[in-house]
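# Overview (structure and organization)
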Amino acid sequence: MTFPATLPAFTAPGSFWRGNLHTHSTLSDGALSPEEVCRRYKAEGYDFIALTDHFVGLFDYPIADTVPMRDAGFTTLLGAELHSGAQENGELWHILAVGLPRDFAPSNTPFFTPSADQETGPEIAARAVAAGAFVAIAHPQWSGLTLADARSVSAAHAVEIYNHGCATGSDRPDGFSIADLLLSEGRALSMIATDDAHFSEPDHFGGWVMVKAPENTPEALLAALKAGAFYSSQGPELRDIRITERYIEVECSACASVIVQGPGNAALAVHGQSMTRAQIPLSRFAKGRWLRVTVIDAAGKRAWSNPVIR
Ligand SMILES: [Zn+2]
Ligand SMILES: [Zn+2]
């Protein structure tokens, strides 16, 4: 079977909207009010954010009402970071849910500790998906997540492949290791970069998604996220990715490296000066079921495509 010719981010109608999908406020353990968090993201040029406070009894199971912070140029998605049940290492699950209804029923999670009488992580993830949310496995490296843990969250749409707060606070930002293994097992997943901003350290404005949608509304953004019509970035822009008979063709903002990754050790890099396009031979990826693209600019900032899956 051949690869699709491109990705939804580059064929879907509309424009790219920049957003942060993982953020905390004083409704849980963040340092700033919901109003100030939204003001800062808007001032920094974001088109939307999701406030995703910790959905724990200690904080009265908050789903921040950010509707009053919407205006003509900025919107919000309702959401939360869900916590219930123990991972293999005995620690509490962290599941990111964006697009939750205001009346999403509380879990049985009074504190940040797992117990046997709670929903499991995979169960609360499935409940969030059933309620209409876009759901991601949060910060796998930071959590010490095993492959079996990640595999068990069968309802998840995405893996958080870069978490800026985990980068600044613990130098454990990665989710690619587990996401690549899940793709190689046959899962269809998208990949999100987020801030996980608490504003208690330099954990903000470092990783975001560029979502392609007809309009900057919660409904259109949520549909595009579920359809995988987006890419992730720390700065560089991805403008097009095409798969031809022999090449992967990439167009992007000026960068120093374009790298294509596939299953196992499959990877090819092209390096150059102020490159805005690159052609990578497809032959190295001929046997794999998926590939994805990373571009790196001269300052070391990255942009990441969603996987192309056949
Ligand atoms: Zn978390
Ligand atoms: Zn968080």
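Residues numbered from 1 in each chain as written. Chains lettered and ligands numbered in written order. Predicted model: local features only at pLDDT ≥ 70, side-chain atom pairs only at ≥ 80, totals over all residues. Heavy atoms only, no water.

Scanning the protein chain for helices and strands turns up eight helices and 16 strands. In terms of overall dimensions, the protein chain is globule-like: its C-alpha atoms have a radius of gyration of 19 Å, near the 19 Å expected for 310 residues. The C-alpha extent of the protein chain, read off along each of the three principal axes, is 55 × 40 × 35 Å. Relative to its 310 residues, the protein chain shows a buried fraction of 55%. For the protein chain, long-range pairs separated by at least 24 residues make up 67% of all intrachain contacts whose partners lie at least 6 apart in sequence. Averaging the locations of the 23 positively and 34 negatively charged side chains of the protein chain gives two centres separated by 10 Å. (Helix = DSSP H or I, 4+ residues; strand = E, 2+ residues; numbered from the N terminus. Rg over C-alpha atoms; globule rule 2.2 N^0.38 Å. Buried < 20%, exposed > 50% of the residue type's maximum accessible area, 1.4 Å probe, protein only. Contact = heavy atoms within 4.5 Å. Lys, Arg positive; Asp, Glu negative; His and termini not counted. Charge placed at Lys NZ, Arg CZ, Asp CG, Glu CD.)

Turning to the pairing of strand 4 (residues 75-82), a few remarks are in order. Among the eight residues of strand 4, eight are classified as buried, and the element is accordingly described as predominantly covered. Residue alternation in strand 4 divides its side chains into two sets, Thr 75, Leu 77, Gly 79 and Glu 81 and Thr 76, Leu 78, Ala 80 and Leu 82, and both sets are buried. Where strand 3 (residues 54-55) meets strand 4, two bridges bridge the pair, whose relative direction is parallel. Each residue of the ladder has a partner; that of His 54, found in strand 4, is Glu 81. (Pairing = 2+ DSSP bridges.)

Moving on: the coordination of the zinc ion (ligand 1). Binding of the zinc ion (ligand 1) to the protein goes through Glu 81 (OE), His 94 (ND1) and His 139 (NE2), at separations of 1.9 to 2.2 Å. Sequence positions of the donors to the zinc ion (ligand 1) reduce to the motif E-x12-H-x44-H. In this structure, the zinc ion (ligand 1) is positioned 3.6 Å from the zinc ion (ligand 2), and both are ligated by Glu 81. Of this pair, His 94 sits in the loop between strand 4 and strand 5 (95-98) while His 139 is found in the loop between strand 6 (134-137) and helix 4 (140-143), placing the two residues 45 residues apart along the sequence. (Donors = N, O, S within 2.8 Å, 3.2 Å for Na, K, Ca; no water.)

Among the surface-exposed residues, Leu 58, Phe 111 and Phe 112 lie close enough to one another that they form a single nonpolar patch of about 300 Å² accessible area. Summarising the element assignment, Phe 111 is placed in the loop between strand 5 and helix 3 (121-130). (Patch = residues over 30% accessible without salt bridge, like charges linked within 9 Å, V, L, I, M, F, W, Y side chains within 5 Å. Areas by Shrake-Rupley, 256 points an atom, 1.4 Å probe, with all protein chains shown as cover. Salt bridge = Lys/Arg side-chain N within 4 Å of Asp/Glu carboxyl O.)

Turning our eyes to something else, we now look at the coordination of the zinc ion (ligand 2). For the zinc ion (ligand 2), the full set of protein donor atoms is His 22 (NE2), His 24 (NE2), Glu 81 (OE) and Asp 196 (OD), at a range of 2.1 to 2.2 Å. Taken together, the four donor atoms coordinating the zinc ion (ligand 2) span angles of 82 to 170° at the metal, a pattern that classifies the geometry as irregular. Ordering the donors of the zinc ion (ligand 2) by residue number gives the pattern H-x1-H-x56-E-x114-D. (Tetrahedral: all angles 85-135°; square planar, octahedral: opposite > 155°, others 65-115°.)

Another point: the environment of Gly 169. Secondary-structure assignment places Gly 169 in helix 6 (residues 164-170). Among the residues examined, Gly 169 registers a relative accessible area of 48% and is labelled partly exposed. As a C-alpha pair, Gly 169 and Ser 200 span 31 residues in sequence and 9.9 Å in three-dimensional space.

Below, the discussion takes up unusual backbone geometry. Non-glycine residue Asp 60 carries a positive phi angle of around 65°. Taking relative accessible area as the criterion, Asp 60 reaches 63% and is therefore assigned exposed. Here the phi dihedral of Tyr 61 falls at roughly 45°; this positive angle occurs in a residue that is not glycine. Here Tyr 61 shows up in the loop between strand 3 and strand 4.

Once that is clear, we can look at the packing of aromatic side chains. Overall, the coordinates contain 14 aromatic pairs when judged by the stated rule. When the centroid spacing of 4.9 Å and the interplanar angle of 75° are considered together, the rings of Tyr 41 and Phe 205 count as edge-to-face. You can see Tyr 41 sitting in helix 2 (residues 34-43) and its partner Phe 205 sitting in the loop between strand 8 (190-194) and strand 9 (208-213), a full 164 residues away along the chain. On the accessibility criterion, Tyr 41 (0% relative accessible area) is buried. Grouping aromatic residues by their ring pairs yields a cluster made of Tyr 41, Tyr 46, Phe 199, Phe 205 and Trp 208. (Phe/Tyr/Trp six-rings, centres within 6.5 Å; stacked < 30°, edge-to-face > 60°.)

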